Amino acid sequence: MAELLIRGATRLVTMNPERDEIAGGDLLIREGIIAAIGEGLATTGEVIDATGCVVTPGLVNTHHHLYQTLTRAVPGGQDALLFGWLKTLYPIWARFGPEEMRVSALTGLAELALSGCTLTSDHLYLYPNGARLDDTIGAAAEIGLRFHPTRGAMSIGESKGGLPPDALVEDEAAILKDMERVVDAFHDPAEGAMVRVGLAPCSPFSVSRDLMRETALLARDKGVMLHTHLAENDEDVAFSLAHFGCRPGQYAEDLGWTGPDVWHAHCVKLDTAEIGLFARTRTGVAHCPCSNCRLGSGIAPLRAMRDKGVPVGLGVDGSASNDAGSLIGEARQAMLLQRVALGANAMSAREALEIATLGGAAVLGRPDCGSLALGKRADIAIWDISDIGAAGAWDPVAALLLCGPRHVRDLFVEGRPVVRGGQLTTLDLPRLIEDQTRIARRLMA
């Protein structure tokens, strides 16, 4: 791989321990790794002019359901709380198969890339009609994003007191067997890995305690991370109290679901004791502010979690509950909600950007990503601030969240271009949109 030099950025945001921001900064990439940072750097390779641009680490998405990109703005679920929303959508998702999984994943990943994301997780917990986790892993390879898919699962259907229909649940022995298969087939523990696999039973209301315990044992035997939904709204907490006799945090701790190899999505309703538990155990949280607003779940205690030392990243969540997949938009929303709850000085634009980059990388166990420093992976977003969105902005870094832009000009993953000049380089986006629209209309019919 030839050298690549990004030259003359209006501001280069490093997210290094000193949080240095370099005016007129240059960044040299060699073999997918950041080789030099400074001013006046030279190369024999390609030079990218970053005049009028802010350069940041690629954003990191810690929670998504890529398959849901095919079910945005579905009538009947637009104004429902979590459980009612799920009841509306389960029958539609039951008609999915491998094509739906692949195309919806491609669409969701393309949207993430254009919003500055270089590394994303995904939580796929239903596998109807022959669909497999392999379908989304293949899609991520096509797009070129760094990928952390999780093999999710549901095992308790309506007939046994669960929420999902029986047609969408799986036998627990079969779940564990396939979890082992996908880890052995795809997980790469090496630094700079493009694919790592996690294990992710869907939620306390769709799997048994036994499956939660067995999954934790399997994950630690294989050296992979654990992920699930937790404490998303009042219904979620009430279910835990009624069925398990404890709050969600206690449920997680009892089953081995705390620690630096675990991250939970949402956590809107964590109380003070649960925040303390997560801080002590270094249990991560995927904060999904837009989805939490869309479903009326509430405002997560992000400020309290950060102040106590809980590792927190951002998640766009599924595009049936957001309904967008913009990670830079998620960072803005996170900042604004903390200000609504706690005052205008509760969270700065720079802190929200830190959560979207360094925070997400830490949650996913990726110290090789999330910052621009020597030896780190060359996952880089270039934002043009010379356009209308940031016209007149005095602070170019804060402008990314306070006014614009909403899409990257250029995006590199492992030093390879995924977006150039605002256009995806790795696939035909108009053709993908045609495929997505065709399949969505088929589902509507």
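Scroll up to find the structure.
Described below are features of the structure shown in this document.

Definitions and cut-offs
Residues numbered from 1 in each chain as written. Predicted model: local features only at pLDDT ≥ 70, side-chain atom pairs only at ≥ 80, totals over all residues. Heavy atoms only, no water. Buried < 20%, exposed > 50% of the residue type's maximum accessible area, 1.4 Å probe, protein only. Helix = DSSP H or I, 4+ residues; strand = E, 2+ residues; numbered from the N terminus. Pairing = 2+ DSSP bridges. Phe/Tyr/Trp six-rings, centres within 6.5 Å; stacked < 30°, edge-to-face > 60°. Lys NZ or Arg CZ within 6 Å of the ring centre and 35° of its normal. Expected span 1.5 Å × (residues − 1). Arc of directions from axis to C-beta. Contact = heavy atoms within 4.5 Å. Axes fitted to C-alpha atoms, helices over the stretch in contact; angles between N-to-C directions. Parallel < 35°, antiparallel > 145°, perpendicular 65-115°, else oblique. Left-handed = near helix turned anticlockwise from the far one by under 90°. Nonpolar A, V, L, I, M, F, W, Y, C, P; charged D, E, K, R; others polar. Core = buried A, V, L, I, M, F, W, Y, C linked by side-chain atoms within 4.5 Å.

Of all 5 residues in strand 12 (residues 226–230), 5 are buried; the element is thus mostly enclosed. Side chains of strand 12 alternate between two faces, with Leu 226, Thr 228 and Leu 230 and His 227 and His 229 buried alike. In the sheet, strand 12 pairs with strand 13 (residues 262–266) via 5 bridges, with the strands oriented parallel. Bridge pairing in strand 13 places Leu 230 opposite His 266.

Before going further, it helps to spend a moment on the sheet that holds strand 3 (residues 21–22). With mixed pairing, the 7 strands of this open sheet are ordered in space as 3-2-7-16-17-18-19. One side of each edge strand has no neighbouring strand; the edge strands of this open sheet are strand 3 and strand 19 (423–424). Relative to strand 18 (residues 416–420), strand 17 (residues 410–413) is paired through 3 bridges, and the arrangement is antiparallel. Looking at strand 18, one finds that Phe 412 is bridged to Pro 417.

It is worth spelling out the packing of aromatic side chains at this point. Overall, the coordinates contain 9 aromatic pairs when judged by the stated rule. An angle of 80 degrees between the planes, with centres 5.0 Å apart, marks the rings of Tyr 67 and Trp 93 as edge-to-face. With a gap of 26 residues between them, Tyr 67 in the loop between strand 8 (59–61) and helix 1 (82–93) and Trp 93 in helix 1 connect regions that are remote in the sequence. The class of Tyr 67 is buried, set by a relative accessible area of 1%. Taking 5.9 Å as the distance between ring centres and 75 degrees as the angle between the ring planes, the aromatic pair formed by Phe 205 and Phe 239 counts as edge-to-face. Highlighted residues: Phe 205 in the loop between strand 11 (198–201) and helix 5 (209–222) and Phe 239 in helix 6 (residues 234–244), separated in sequence by 34 residues. With respect to burial, Phe 205 and Phe 239 carry one shared label: buried. Each member of the aromatic cluster is reached from another via a ring pair, and the members are Tyr 67, Trp 85, Tyr 90, Trp 93, Phe 96 and Tyr 125. In this arrangement the basic side chain of Arg 151 is found over the ring face of Tyr 127, its NZ or CZ atom lying 4.1 Å from the centre.

As a further point, take helix 1. The end-to-end C-alpha distance of helix 1, which contains 12 residues, comes to 16 Å, matching closely the 16 Å that a straight helix rising 1.5 Å per residue would cover. Within the span of helix 1, buried status applies to Leu 82, Phe 83, Trp 85, Leu 86, Leu 89, Tyr 90, Ile 92 and Trp 93. Buried residues in helix 1, looked at end-on, bunch into an arc of 165 degrees, giving them a common side. Contacts from the buried residues of helix 1 go to helix 6, helix 9 (289–294) and helix 14 (429–444).

Turning next to the sheet that holds strand 6 (residues 46–49). On the basis of which strands lie adjacent, the open sheet formed by 4 strands has the order 5-4-1-6 and mixed pairing. Each edge of the open sheet carries a strand with a single partner, namely strand 5 (33–38) and strand 6. Adjacent strand axes in the sheet meet at a mean angle of 20 degrees, parallel and antiparallel pairs treated alike. Pairing analysis gives 4 bridges linking strand 1 (residues 4–9) to strand 4 (residues 25–30), with the strands arranged antiparallel. Residue Ala 9 lies in a different strand from strand 4, and its bridge partner there is Gly 25.

With that settled, consider the packing of helix 2 (residues 98–114) against helix 14. Where helix 2 meets helix 14, the closest approach of the two axes is 10 Å, and the angle between their N-to-C directions is 135 degrees. One way to sum up the angle between helix 2 and helix 14 is to call them oblique. Relative to helix 14, helix 2 is oriented so that their crossing is left-handed. Touching Glu 99, Glu 100, Val 103, Ser 104, Leu 106, Thr 107, Ala 110 and Leu 114 of helix 2 are Leu 429, Leu 432, Asp 435, Gln 436, Arg 438, Ile 439 and Arg 442, all from helix 14. Per-class residue counts for the contact of helix 2 with helix 14 are 7 nonpolar, 3 polar and 5 charged.

Counting 119 residues, the largest nonpolar core has Trp 85, Leu 86, Trp 93, Leu 145, Leu 401 and Val 418 as its most contacted members. Among the elements that make up this core, the one with the highest residue count is helix 2 (9 residues). Discounting residues that sit within four places of it in the chain, Leu 401 has contacts with Ile 328, Ala 331, Arg 332, Met 335, Ala 349, Ala 352, Leu 353 and Arg 406. Membership of the second largest hydrophobic core comes to 17 residues, among which are Leu 27, Ile 29, Val 55 and Ile 380.

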